Amino acid sequence: GIVQIGHVQLETGYTFTYRDRDGVQTQTHNAPELLLRVPLINDRLEVQVGTSGYVWSSSDSGSGSESVEGFSDMTVGLRLKILDQDRWIPRLAIQGSTTVGLGSSDISNRDLEPLVKLIWSYDLGDGWGIYGNLGAAYATTAGQRFLQGQAGVCLTYTINDKWSVFTEYYVFGPNAKGTDAAHYVDGGGAYLLTPRIQLDARIGFGLSQQANNFFTGVGISFLF
């Protein structure tokens, strides 16, 4: 969707991630996650500015522990609606964004990492909906560039005027340069506290060796 002209939407959150791979256990916290969405053309175009916030990460390999912290990178981008849903044709939008290389050296790649996505959604009726995206990022691993594919699909159900739930599958491939893909599944729900304030929560799991084992998070969004 596109935020309506005359309004601004701010989405915030916190995420905890746990990873246990190759004998190293890592716990990561990041907050506040921020995404500011400002419309430029009504129901057509919006600009987005976001960040994962401040990151605290600690790792334990059994023979020692290490902690890093710092600011994650900022992203800027545009979302353009192409089509509305029409019979069997889904609602379509395209989104382009990039990091700007302003994060802390221990956390951010400190480089431009452009990303383009085709986003689609389809109202199935009776409260059910499905949406997804297909994208490509020009990412970096230790300063080395690689092309990363991204895709996801999500099933949603609106229970009533206040509550909605979702379940989702998504993949990053390769997860880093020279690695296999990372596959994930997650689910959660949202509660409309007021017509302009929404709470949400999610929990997810990695399905492959490259993925993190577990993550969970909460958020709150404001429409001004």
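Visitor: What is the right way to read a nonpolar patch on the surface from this model?
Guide: On the surface, a cluster of nonpolar side chains totalling about 550 Å² of accessible area is made up of Leu80, Ile82, Leu83, Ile94, Val116, Leu118 and Leu134. Going through the elements one at a time, β6 (74-83) and β8 (114-125) are the ones with two or more residues in the nonpolar patch. Looking at which element gives the most residues to the nonpolar patch, the answer is β6, with three residues. One can find Leu134 in strand β9 (residues 128-141).

Visitor: What am I meant to see in the nonpolar core here?
Guide: Soluble globular proteins tend to pack their nonpolar side chains together in the buried interior. Formed by Tyr170, Ala182, Tyr184, Ala211 and Phe215, the largest nonpolar core amounts to five residues. If near-sequence neighbours (up to four positions away) are discounted, Phe215 is found in contact with Phe16, Thr17, Tyr170, Tyr184, Asp186, Arg202, Ile203, Gly204 and Phe205.

Visitor: Got a minute to help me understand the side chain of Gln48 in this structure?
Guide: Within the secondary structure, Gln48 is located in strand β3 (residues 45-51). The class for Gln48 is buried, based on a relative accessible area of 7%. Within the structure, the side chain of Gln48 is placed 3.4 Å from the side chain of Gln95, a separation counted as a polar contact. Setting aside anything within four residues of it in sequence, one finds Gln48 in contact with Leu35, Leu36, Arg37, Thr75, Val76, Gly77, Arg79 and Gln95.

Visitor: Is there a simple way to explain the pairing of β3 in this structure?
Guide: Each regular strand displays side chains that alternate between the two surfaces of the sheet. In the sheet, strand β2 (residues 24-41) pairs with β3 via seven bridges, with the strands oriented antiparallel. Bridging from a neighbouring strand, Pro39 pairs with Glu46 of β3. The antiparallel pairing of β2 with β3 creates a hairpin that spans three residues between the two strands, and Asp43 there sits at a positive phi of about 55°.

Visitor: Help me understand the pattern of salt bridges in this model?
Guide: Opposite charge on two side chains permits pairing when their charged atoms draw close. Tallying each qualifying case throughout the model produces nine salt bridges. In this structure, Glu33 engages Arg202 in a salt bridge whose closest nitrogen and oxygen atoms are separated by 3.8 Å. Here Glu33, found in strand β2, pairs with Arg202, found in strand β13 (residues 197-206); they are 169 residues apart in sequence, far enough to count as distant. Arg202 carries the same exposure label as Glu33, and that label is buried. Here Lys81 and Asp43 are joined by a salt bridge, their closest N and O atoms 2.7 Å apart. Taken together, the residues Lys81 in strand β6 and Asp43 in the loop between β2 and β3 connect sequence positions 38 residues apart. The buried category is assigned to Lys81, whose relative accessible area is 4%. Of the residues examined, Asp43 reaches a relative accessible area of 34% and is grouped as partly exposed. One network of salt bridges, with partners in common, ties together Asp43, Lys81, Asp84 and Arg91.

Visitor: When you look at unusual backbone geometry in this model, what are you seeing that I'm missing?
Guide: Generally, phi is negative for residues other than glycine and the peptide bonds are trans, each holding for most cases. Residue Pro32 is reached from Ala31 by a cis peptide bond, and omega for that bond is -10°. Secondary-structure assignment places Pro32 in strand β2. The peptide bond linking Gly173 to Pro174 adopts the cis configuration, its omega dihedral lying at -5°. Within the secondary structure, Pro174 sits in the loop between β11 (163-173) and β12 (182-194). One non-glycine residue, Arg87, adopts positive backbone phi at about 55°. Assignment of secondary structure puts Arg87 in the loop between β6 and β7 (91-99).

Visitor: I tried to follow the environment of Thr156 on my own but got confused; where do I start?
Guide: Inspection of the secondary structure assignment puts Thr156 in strand β10 (residues 144-158). Residue classification places Thr156 among the partly exposed positions, given a relative accessible area of 21%. Those residues in contact with Thr156, other than ones at most four positions away along the chain, are Gly127, Trp128, Gly129, Ile130, Tyr131, Val165 and Phe166.

Definitions and limits used
- Residues numbered from 1 in each chain as written.
- Predicted model: local features only at pLDDT ≥ 70, side-chain atom pairs only at ≥ 80, totals over all residues.
- Heavy atoms only, no water.
- Patch = residues over 30% accessible without salt bridge, like charges linked within 9 Å, V, L, I, M, F, W, Y side chains within 5 Å.
- Areas by Shrake-Rupley, 256 points an atom, 1.4 Å probe, with all protein chains shown as cover.
- Salt bridge = Lys/Arg side-chain N within 4 Å of Asp/Glu carboxyl O.
- Helix = DSSP H or I, 4+ residues; strand = E, 2+ residues; numbered from the N terminus.
- Core = buried A, V, L, I, M, F, W, Y, C linked by side-chain atoms within 4.5 Å.
- Buried < 20%, exposed > 50% of the residue type's maximum accessible area, 1.4 Å probe, protein only.
- Contact = heavy atoms within 4.5 Å.
- Polar contact = N/O pair within 3.5 Å; in protein donor to acceptor, adjacent residues only side chain to side chain.
- Pairing = 2+ DSSP bridges.

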